[in-house]
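Chain residues, written in single-letter form:
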Amino acid sequence: MLRLAVIVLLLANAGYYAWSQGLLRQFGYAPQEQSEPQRMNQQIRPETLQILKVNPSKTSSAAPPAPTSTSPSQATAANDSPTPASTPAAPAPAESAECLQAGVFDDRQAEVLRTAAAGLPSGSWTLEPTPVPGRWMVYMGRFDDVETLDRKRAELRARKVDHDRAGGTLELGLSLGRFASKEAAERELANLGNKGVRTARVIQERAESPGFTLRLSAVNDALRAQLDVLRTAMAGKTLRTCG
């Protein structure tokens, strides 16, 4: 029974296919043709019809840009927005200036500097009083000759005592230390006594004296070009940044 149903279904499908494809037209079995011949008769000079190729690049370049639509709220906001104020021009940078000083100069050197600096702009320089403090020394000497000096040096080295030449008018002698005050020098002398040093003494190597410091508080490019007039009057000292 099932086999019969399958055979009937296959025959029915085969018959429908033959009918739909017009294979049974000679037997009078075929679907009705759908055609509208009247439309063909309505064509006007169909032989003049041509198919043109379109260049995509020309089409895209020739196409006008689409207008951007602006909503009323956006237009109102654009009109109401404040116009940014123009930024003021930055002020020209101020000319840089630095403070320079040199010293210390004694009375004679200060007088030479005053003469040399007289040609500089008024108020551009000053000579400020800077007293030179006295200096004290633990001194050993003055020895009669170089041989005695060398022998004393050997003794100090054996006792591991630091020393150097006294210099100036204190030759032939030895310095066992220089100090800013007499009290500090006397304390060192006591310490040396504990090491067996017996013939040293405290002397004033240099008395307190007046001094002066040259100060130029605002040296700009214009003033710096004029400072060569001070070179020979500065006694070998150089200008440095104010401390």
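Residues numbered from 1 in each chain as written. Predicted model: local features only at pLDDT ≥ 70, side-chain atom pairs only at ≥ 80, totals over all residues. Heavy atoms only, no water.

*Asks:* In this structure, what is going on with the overall build of the protein chain? I would like to understand it.
*Replies:* Counting its secondary structure elements, the protein chain contains eight helices and eight strands. Relative to its 243 residues, the protein chain shows a buried fraction of 21%. The contacts in the protein chain between residues at least 6 apart in sequence include a share of 77% that link residues at least 24 apart. Surface exposure of the protein chain reaches about 18600 Å², of which carbon and sulfur atoms provide 56%. (Helix = DSSP H or I, 4+ residues; strand = E, 2+ residues; numbered from the N terminus. Buried < 20%, exposed > 50% of the residue type's maximum accessible area, 1.4 Å probe, protein only. Contact = heavy atoms within 4.5 Å. Areas by Shrake-Rupley, 256 points an atom, 1.4 Å probe, with all protein chains shown as cover.)

*Asks:* Help me understand the nonpolar core in this model?
*Replies:* With 17 residues, the main nonpolar core has L113, L120, L214, L216, L227 and L230 as its most contacted residues. Every element with two or more residues in this core is listed here: strand 1 (98-105), helix 5 (107-117) and strand 7 (212-219). Of all the elements, strand 7 adds the most residues to this core, at four residues. Excluding its chain neighbours within four sequence positions, the residues that come into contact with L216 are E98, C99, L100, L120, S124, W125, L223, L227 and L239. (Core = buried A, V, L, I, M, F, W, Y, C linked by side-chain atoms within 4.5 Å.)

*Asks:* Sorry, what's going on with the side chain of Q101 here?
*Replies:* By secondary structure assignment, the location of Q101 is in strand 1. Discounting chain neighbours no more than four positions away, the residues touching Q101 are T213, L214, R215, T238, L239, R240, T241, C242 and G243.

*Asks:* Teacher, can you tell me more about unusual backbone geometry here?
*Replies:* Comment: phi is negative for the bulk of residues other than glycine, and the bulk of peptide bonds are trans. Looking along the chain, the bond that leaves G141 and enters R142 is cis, with omega of 0°. Tracing the chain through its elements places R142 in the loop between strand 3 (135-141) and helix 6 (146-158). At the junction of E171 and L172, the peptide bond is cis and its omega measures out at -5° in the coordinates. In this structure, L172 sits in the loop between strand 4 (164-165) and strand 5 (173-179). Not every positive phi belongs to a glycine, and K160 is a case in point at roughly 60°. Following the sequence through the fold, K160 ends up in the loop between helix 6 and strand 4. Even without being glycine, A235 reaches a positive phi, approximately 55°.

*Asks:* Looking at this model, I keep getting lost on the sheet that holds strand 5. Mind explaining?
*Replies:* Within a sheet, neighbouring strands are paired by backbone hydrogen bonds and run either parallel or antiparallel to one another. Taken together, the four strands give an open sheet; going across it, the order is 4-5-3-6, and neighbouring strands pair in antiparallel fashion. The sheet terminates laterally at strand 4 and strand 6 (201-206), the two strands that pair on one side only. Note: strand 3 against strand 5, five bridges, orientation antiparallel. Across the sheet, residue G141 finds its bridge partner in strand 5, namely G173. Contacting strand 3, strand 4 and strand 5, helix 6 runs over the sheet at an angle of about 50° to strand 5. Of the strands in this sheet, strand 3, strand 5 and strand 6 touch helix 7 (residues 182-193), which is tilted by about 35° from strand 3. (Pairing = 2+ DSSP bridges. Axes fitted to C-alpha atoms, helices over the stretch in contact; angles between N-to-C directions.)

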